[in-house]
Number of protein chains: 2
Amino acid sequence: MLKGKMVIGQSGGPTAVINQSLVGAVLAARQEKAITGILGARHGIAGIMKEDFVDLTTQSVEQLEVVAQTPAAALGSVRLKPGRAECERVFEVFRKNDVRYFFYIGGNDSAETAHIISEMAREANYDFCTVHIPKTIDNDLRVTDHCPGFASAARFVALAFMGDDRDSNALKGVKINVVMGRHAGFLTAAAALARQAEGDGPHLIYLPERVFDIEQFKQDVRSVVAKHGRCVVAVSEGISDADGNPIASSGERDSHGNVQLSGTGALGDCLSAHVKEAFKGEGVRVRADTFGYLQRSFPTIVSPVDAREAREVGTFGVKHAASGAGNGSVAIRRLSSAPYASEYFMTPLASVARETTAVADAYINAAGNDVTDAWLDYVRPLVGDLPEIGRL
Amino acid sequence: MLKGKMVIGQSGGPTAVINQSLVGAVLAARQEKAITGILGARHGIAGIMKEDFVDLTTQSVEQLEVVAQTPAAALGSVRLKPGRAECERVFEVFRKNDVRYFFYIGGNDSAETAHIISEMAREANYDFCTVHIPKTIDNDLRVTDHCPGFASAARFVALAFMGDDRDSNALKGVKINVVMGRHAGFLTAAAALARQAEGDGPHLIYLPERVFDIEQFKQDVRSVVAKHGRCVVAVSEGISDADGNPIASSGERDSHGNVQLSGTGALGDCLSAHVKEAFKGEGVRVRADTFGYLQRSFPTIVSPVDAREAREVGTFGVKHAASGAGNGSVAIRRLSSAPYASEYFMTPLASVARETTAVADAYINAAGNDVTDAWLDYVRPLVGDLPEIGRL
């Protein structure tokens, strides 16, 4: 039996349930003889490099359960994509502290970091086990059916569109809502769950998986307004033109070289200006909202399936590691959609590192401005029951 | 006993509980012999002028209860501020249809409309009763302790800041959140409810009741970042400079001559650009979100006190009118904050029409960048219990 301390960290954009994974892992680790200490890394690998750890053996279960219900990374998160030198420093800290288990909760970049460190350990003949615990509201990890964190963000988006569509129905006009998702449109596609009756919005849904053509967009909006007297649009922050350039952004780039898309209203305001121009003189009210960080952090509305699965991927990852079964990333296999049932399995770190997935063609309509029923069948059980809309 | 039909309408920006007031009024009216028919006006006075009514005597209580739980105006709303000619047309429709009771659910503009029509009836010696039922997320009506609709929007804002503050704590940086409220900062001030421990955000709160100075703002942010390593800011969409000009807007004006402040990310992006400039080269992450229409329409998170009071102002208004007690606007008197208790009373239409209130000086700190404990004592019982934040 590989005996030693474990380090656990959280990485990337937080979610409403990432602390469920943390608490699931910590409570499981307390049951494992192989794990002789539980160190929580502050701000992921940034904290590991500084040996900035929290002892996670002492908190009461009651305290941890409150943490589990709290959105965003309780240990702190990090956006740093480490180079070779940084990974070496992490490995050095692990050796120094007799750390034999490393659990990293995050997306594809975190899986890659975990993979690099596990390779270093192998090359150094250091007995070591690395497990990646999946998390991302973008739902863009490979292999797994879906990603913990996604369904709660999707639930926020669905609820937001339900309420906003009633608001639009009361005052009419064109309403554009910008949803998170740089390369994958899963979260934007979840807006379709808001529809309960003929004529309900969102009436148009644009994902980054399709080229966005501003002229076609204006025509689409005009058709919907002609039919319904109003139009609610769901648009991904990541929509790009035929050359792959974002339709609008703040111009800022992060350390990954990505253009800043979130935390700015630029895209909504840009699309709003185009639609205002298209309807000039026709007295059509045009408004845009950008849902922003609330999508991943709003408390009290998490999906029950998501909360449970986020907890269980943490538990499963620790049990797997402690059993001596080796490195990997925890994935979810859907057994049934109605009633919903799933199970967990391990997939190689390399199979989820780096590359991501996008919304499948079968989930996008031919015109590229809506989703299909197959998409709704996929996403509905994850998001859970939504309130009924009353009408007169 | 004044016998005849009633018309009920909804006006202005919808809220999460305005349908509670509608359902409260309709169910009460069904019990009153004085009321011989219940006509719901589609889109407020716009619908009345077109005689576009829904018969509200036939729906089941079950259906109405689902409507009551649904955000936004189920009858449709309207932003039209009627002139003399439009009010005359409304009065003509009322006479023609033997309408003797008019209930208008809305803010100060709706109270003014109701007041003008009641004056017309008086001048024409037409026996008629007009009751204004208060509604506004802005909480800016005179006389009443607070306005139905406000507490649910305030609850959204408080929850949003709770989650977003944890997100900011996980990734650091400066986060600016723009909250609705053109002239009154009540909703922005509610962000303070998100704080549960020393160091929690929002760290700065700017209301439209104080002149906004961009240089002072940048200094304030710098001080908070120096102290806490991050800064979460709540700012009202209505903040203006010393000359009364909005800090940023889309430039569009509505039919009231108001500059468009909602449905655009302009202010957030403007403030974000200023802060980025101030921290240039220091690697400080700066993001802005504009909460937008979700504040008034997001389902499932209404304040229980708000839902109950919104229902009861509708019921009270109808009972008052049917009792023959005359015109007026329903107002709320707070009897106690702990435990919370309130009662309803009537105030003259003219006392709430046109003019509005703003956040009292006692609720704003001396520096003009935060609220006081007295404000928290006022707002907390309205918003209700909030979830506990877990920490490690």
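It should be emphasised that the depicted structure is a prediction, and the values quoted were computed from it without experimental measurement.

### Things to note about the overall build of chain A
Per the secondary structure count, chain A includes 13 helices and 11 strands. The C-alpha extent of chain A, read off along each of the three principal axes, is 70 × 40 × 35 Å. Counting all 392 residues of chain A, 60% fall into the buried class. Considering only contacts in chain A between residues 6 or more positions apart, those separated by 24 or more positions represent 76%.

### Description of the sheet that holds strand 8 (residues 230-236) of chain B
Residues and elements named next belong to chain B. The strand order across the open sheet built from 4 strands is 7-8-6-9, with neighbouring strands paired in parallel fashion. Strands with a single pairing partner mark the edges of an open sheet, and in this sheet they are strand 7 (204-206) and strand 9 (286-290). In this sheet, adjacent strand axes meet at a mean angle of 15° when their direction is disregarded. Here strand 6 (residues 173-179) runs beside strand 8; their pairing, made up of 7 bridges, is parallel. Across the sheet, N177 pairs through a bridge with A234, a residue of strand 8. Where helix 6 (residues 150-171) meets the sheet, its contacts fall on strand 6 and strand 8, and the angle it forms with strand 6 comes to roughly 165°.

### What about the relation of the copies chain B and chain A?
When chain B is brought onto chain A, the operation consists of a screw motion whose angular component is 180° and whose axial shift is 0.0 Å, with 0.0 Å RMSD remaining. Such a combination of turn and shift is consistent with a two-fold rotation axis. If distances are taken from each C-alpha of chain B to the rotation axis, the shortest is found for B:G265, at 2.1 Å.

### A short note on the pairing of strand 4 (residues 99-106) of chain A
If a strand is regular, its side chains alternate between the two faces of the sheet. Residues and elements named next belong to chain A. Most of strand 4 sits out of view: 8 of its 8 residues are buried. Judged from the 6 bridges that link them, strand 1 (residues 4-10) and strand 4 form a sheet pairing that is parallel. Each residue of the ladder has a partner; that of V7, found in strand 4, is F102. Judged from the 6 bridges that link them, strand 4 and strand 5 (residues 129-134) form a sheet pairing that is parallel. The residue bridging Y101 from the neighbouring strand is C129, located in strand 5.

### Here's the deal with the packing of helix 6 (residues 150-171) of chain A against helix 13 (residues 373-383) of chain A
Residue and element names in this part refer to chain A. For the pair helix 6 and helix 13, interaxial distance at closest approach is 9 Å and the crossing angle is 100°. Relative to helix 13, the element helix 6 lies roughly perpendicular. Across the interface between the two elements, A151, A154, R155 and A158 of helix 6 pack against V379, L382 and V383 of helix 13. Of the residues assigned to the contact of helix 6 with helix 13, the class counts are 6 nonpolar, no polar and 1 charged.

### Quick look at helix 13 (residues 373-383) of chain B
Residue and element names in this part refer to chain B. Of all the positions in helix 13, only W375, Y378, V379, L382 and V383 are classed as buried. The buried residues of helix 13 occupy one face: seen down the axis, they fall within an arc of 115°. The exposed residues of helix 13 that point more than 90 degrees off its buried face are D373, A374 and D377. Count one or two residues on from helix 13 and you reach G384, which has phi positive near 90°.

### Describing the interface of chain B and chain A
Contact with chain B, which involves 54 residues of that partner, is made by 54 residues of chain A. At the level of elements, helix 3 (61-69), helix 6, helix 9 (266-278), strand 9 and helix 10 (294-297) of chain B are the ones that each hand at least two residues to the side of chain B that touches chain A. Among the elements that line the side of chain B that touches chain A, the one with the most residues is helix 6 of chain B, at 10 residues.

### Some details on the domain arrangement of chain A
Residue and element names in this part refer to chain A. Here the domain parsing of chain A yields domain 1 (4-149 + 301-352) and domain 2 (151-300 + 359-383). The centre of domain 1, based on its C-alpha atoms, is set 32 Å off from the matching centre of domain 2. In this complex, domain 1 contributes 24 residues to the contact, which on the side of domain 2 involves 25 residues. When grouped by side-chain class, the residues that make up the side of domain 1 that touches domain 2 number 12 nonpolar, 7 polar and 5 charged.

### Description of the nonpolar core
One finds A:V157, A:A190, B:V157 and B:A190 to be the most contacted residues of the largest nonpolar core, which totals 267 residues. Those residues within four positions of B:A190 in sequence are excluded, and the remaining contacts are B:A154, B:V157, B:A158, B:V379 and B:V383.

### Let's talk about helix 4 (residues 84-96) of chain B
All names here are of chain B. In this model helix 4 runs 18 Å from its N-terminal to its C-terminal C-alpha over 13 residues, within 8% of the 18 Å that 1.5 Å per residue would give. Residues of helix 4 that are buried include every one of C87, V90, F91, V93 and F94, and no others. Along the axis of helix 4, the buried positions cluster into a sector of 155°, meaning they face one direction only. In helix 4, the exposed positions that point more than 90 degrees away from the buried face belong to R84, A85 and K96. Each element contacted by the buried residues of helix 4 is listed here: strand 1 (4-10), helix 2 (44-49), strand 4 (99-106) and helix 5 (108-123). Where helix 4 terminates, the next one or two residues include D98, which has phi positive at roughly 50°.

### Side note on unusual backbone geometry
Note that the residue after A:A338, namely A:P339, is joined by a cis bond; omega there is 0°. Here A:P339 is to be found in the loop between strand 10 (328-337) and strand 11 (340-347). Here A:N139, not a glycine, exhibits a phi torsion of approximately 60°, which is positive. The topology assignment puts A:N139 in the loop between strand 5 and helix 6. Among the residues examined, A:N139 registers 30 C-beta atoms within 10 Å and is labelled buried. Phi angles above zero are rare outside glycine, and B:E51 is one such case at about 55°. Along the chain, the position of B:E51 falls in the loop between helix 2 and strand 3 (53-55). On the neighbour-count criterion, B:E51 (12 C-beta atoms within 10 Å) is exposed.

### Considerations on the pairing of strand 2 (residues 35-41) of chain B
Residue and element names in this part refer to chain B. With 5 of its 7 residues buried, strand 2 lies for the most part within the structure. As judged from the 5 bridges shared by strand 1 and strand 2, these two strands associate in the parallel manner. Residue pairing for strand 2: K5 is matched across the bridge by G37. Since strand 1 and strand 2 lie parallel, the crossover through helix 1 (residues 18-29) that links them has a hand, and here it is right-handed.

### Observations concerning the sheet that holds strand 10 (residues 328-337) of chain B
Residues and elements named next belong to chain B. Ordered by their spatial adjacency, 7 strands build an open sheet running 3-2-1-4-5-10-11, and the pairing between neighbours is mixed. At either end of the open sheet lies a strand with only one pairing partner, and these are strand 3 and strand 11 (340-347). Mean inter-strand twist for the sheet, computed between neighbouring axes without regard to direction, equals 30°. The strands touched by helix 5 within the sheet are strand 4, strand 5 (129-134) and strand 10, with strand 4 carrying the most contacts at an inclination of about 165°. Along the sheet face, helix 11 (residues 304-322) touches strand 2, strand 4, strand 5, strand 10 and strand 11 and points at about 170° away from the line of strand 5.

### Describing the environment of B:N139
Separated by 218 residues in sequence, B:N139 and B:T357 place their C-alpha atoms 8.2 Å apart. Sequence-distant contacts of B:N139, defined by excluding residues within four places in its chain, comprise B:H146, B:C147, B:F150, B:A184, B:F186 and B:L187.

### So, the packing of helix 4 (residues 84-96) of chain A against helix 5 (residues 108-123) of chain A
Residues and elements named next belong to chain A. In contact at an axis separation of 10 Å, helix 4 and helix 5 are set at 60° when each is read in the N-to-C sense. Taken together, the axis directions place helix 4 and helix 5 in an arrangement best described as oblique. Pair helix 4 / helix 5 crosses with right-handed handedness. Counting all contacts with helix 4, which are made through C87, E88, V90 and F91, the residues of helix 5 involved are T113, I116, I117, M120 and A121.

Thresholds, definitions, all that
Residues numbered from 1 in each chain as written. Chains lettered and ligands numbered in written order. Predicted model: local features only at pLDDT ≥ 70, side-chain atom pairs only at ≥ 80, totals over all residues. Helix = DSSP H or I, 4+ residues; strand = E, 2+ residues; numbered from the N terminus. Buried ≥ 20, exposed ≤ 12 C-beta atoms within 10 Å, placed from the backbone. Contact = placed C-beta atoms within 7 Å. Pairing = 2+ DSSP bridges. Axes fitted to C-alpha atoms, helices over the stretch in contact; angles between N-to-C directions. Least-squares fit on C-alpha atoms with pLDDT ≥ 70 in both. Parallel < 35°, antiparallel > 145°, perpendicular 65-115°, else oblique. Nonpolar A, V, L, I, M, F, W, Y, C, P; charged D, E, K, R; others polar. Arc of directions from axis to C-beta. Domains from an automatic or database assignment. Core = buried A, V, L, I, M, F, W, Y, C linked by C-beta atoms within 7 Å. Expected span 1.5 Å × (residues − 1). Right-handed = clockwise from strand over helix to strand, strands pointing away. Left-handed = near helix turned anticlockwise from the far one by under 90°.

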